[in-house]
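# Tertiary structure, described
Take a look at the letters that make up each chain.
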Amino acid sequence: MTFDDMRDLPALFAEPRGVAGTAGYGEASDLLADQHESVTFAEVHREVLHPFPARPSRVLDLGAGTGRDAAALSRLGLTVVAVGPTAELRAHGQRLHPATGIEWIDDHLPELTALRRRPERYDLILLTAVWMHLDARERSEAMKHLTGLLAPGGRIVLSLRHGPVPTGRRMFEVSAEEKIHLAATTGLHALHHSEREDPLGRQDVHWTFMALQAR
């Protein structure tokens, strides 16, 4: 064994890294499934329904959770790819929405390795309660990859959670202004920005909803 081989030993025997932003989600998947499915797609996204594309369109639902939004969009006739790194939540989604034609993929931000290997580009990328799980470096990397996955004129619709971080979770405070600035560095411009109360009725939580478009 050479010295260079020995330098590689720590990496070879290291524990595989998990997806940091998913901390706590697998363990709480049953509770989260009940929460997600207790409100409808239309209720959650009422502020940003106007930027959603008409059919036929391709939609990428990143951090799809239980598939509530993916299923609603599929029923509208859109082609939907649902992406989630938490096996327990994907299993709930496949159980709850088995007949909707959703394609489920195991992948995660910021790298999106599996998606970037595919040729498809998307008219809409949906990020519901996802972006605040990424730190500043991850947000910058993810923004470049997301822009690369958009079809010409495609849109990103996302929501940002504000409020106390639940125990065991990983979240960061992200402003709409930061998101708009970061999007502009990759050629996207803002179509919509609004604030609203929590759909689940939590008094200490509120949300920012945004829509961005590729030029």
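Overview of the structure. (Residues numbered from 1 in each chain as written. Predicted model: local features only at pLDDT ≥ 70, side-chain atom pairs only at ≥ 80, totals over all residues. Heavy atoms only, no water.)

It is worth spelling out the overall build of the protein chain at this point. Scanning the protein chain from N- to C-terminus turns up nine helices and seven strands. For the protein chain, buried positions account for 47% of its 215 residues. Look at the contacts in the protein chain between residues 6 or more apart in sequence, and 69% of them connect residues 24 or more apart. (Helix = DSSP H or I, 4+ residues; strand = E, 2+ residues; numbered from the N terminus. Buried < 20%, exposed > 50% of the residue type's maximum accessible area, 1.4 Å probe, protein only. Contact = heavy atoms within 4.5 Å.)

Okay, helix 8 (residues 136–149) next. Between its terminal C-alpha atoms helix 8 stretches 20 Å, which fits the 20 Å expected from 14 residues at 1.5 Å a residue. Two or three places before Arg 137, at the start of helix 8, stands the capping residue Asp 135, its side-chain oxygen 3.2 Å from that residue's backbone nitrogen. (Expected span 1.5 Å × (residues − 1). Polar contact = N/O pair within 3.5 Å; in protein donor to acceptor, adjacent residues only side chain to side chain.)

Taken as a whole and judged by the stated rule, the model has 13 salt bridges. We note a salt bridge from Glu 178 to Arg 139, for which the minimum N-O separation is 2.7 Å. Of this pair, Glu 178 sits in helix 9 (residues 176–184) while Arg 139 sits in helix 8; the two residues are 39 residues apart in sequence, bridging distant segments of the chain. Judged by relative accessible area, which is 30%, Glu 178 ranks as partly exposed. (Salt bridge = Lys/Arg side-chain N within 4 Å of Asp/Glu carboxyl O.)

Sheet architecture is open: seven strands sit in the order 3-2-1-4-5-7-6, paired in mixed fashion. Strand pairing shows two members of the sheet lacking a second neighbour, strand 3 (103–105) and strand 6 (188–197), which therefore form its edges. Geometrically, the sheet is characterised by an average inter-axis angle of 15 degrees between neighbouring strands, direction not taken into account. Of the pairings in the sheet, the one linking strand 4 (residues 122–127) to strand 5 (residues 150–162) comprises five bridges and is parallel in character. Within strand 5, the residue paired with Leu 127 across the bridge is Leu 158. (Pairing = 2+ DSSP bridges. Axes fitted to C-alpha atoms, helices over the stretch in contact; angles between N-to-C directions.)

The next thing to look at is the pairing of strand 7 (residues 206–214). In regular strands, side chains alternate between the two faces of the sheet. When you tally the buried positions in strand 7, you get eight out of nine residues, the bulk of the element. One ladder, built from nine bridges, connects strand 6 with strand 7; its direction is antiparallel. Bridging from a neighbouring strand, His 193 pairs with Met 210 of strand 7.

The next thing to look at is the nonpolar core. By size, the foremost hydrophobic cluster in this structure holds 32 residues, and its most contacted members are Leu 62, Ile 125, Trp 131, Leu 146 and Ile 156. Broken down by secondary-structure element, the contributors of at least two residues to this core are strand 1 (58–62), strand 2 (79–83), strand 4, helix 8, strand 5, helix 9 and strand 7. In this view, Ile 125 contacts Leu 60, Leu 62, Leu 146, Leu 149, Leu 150, Arg 155, Ile 156 and Val 157; residues no more than four positions away in its chain are not counted. Membership of the second largest hydrophobic core comes to 23 residues, among which are Phe 52, Ala 71, Leu 78 and Leu 126. (Core = buried A, V, L, I, M, F, W, Y, C linked by side-chain atoms within 4.5 Å.)

The next point concerns helix 9. Every buried residue of helix 9 is listed here: Ala 176, Lys 179, Leu 182 and Ala 183. Viewed end-on, helix 9 has its buried residues packed into an arc of 130 degrees, placing them on one side of the element. Opposite the packed face of helix 9, turned more than 90 degrees from it, sit the exposed residues Glu 177 and His 181. In this structure, the buried side of helix 9 is in contact with helix 8, strand 5, strand 6 and strand 7. (Arc of directions from axis to C-beta.)

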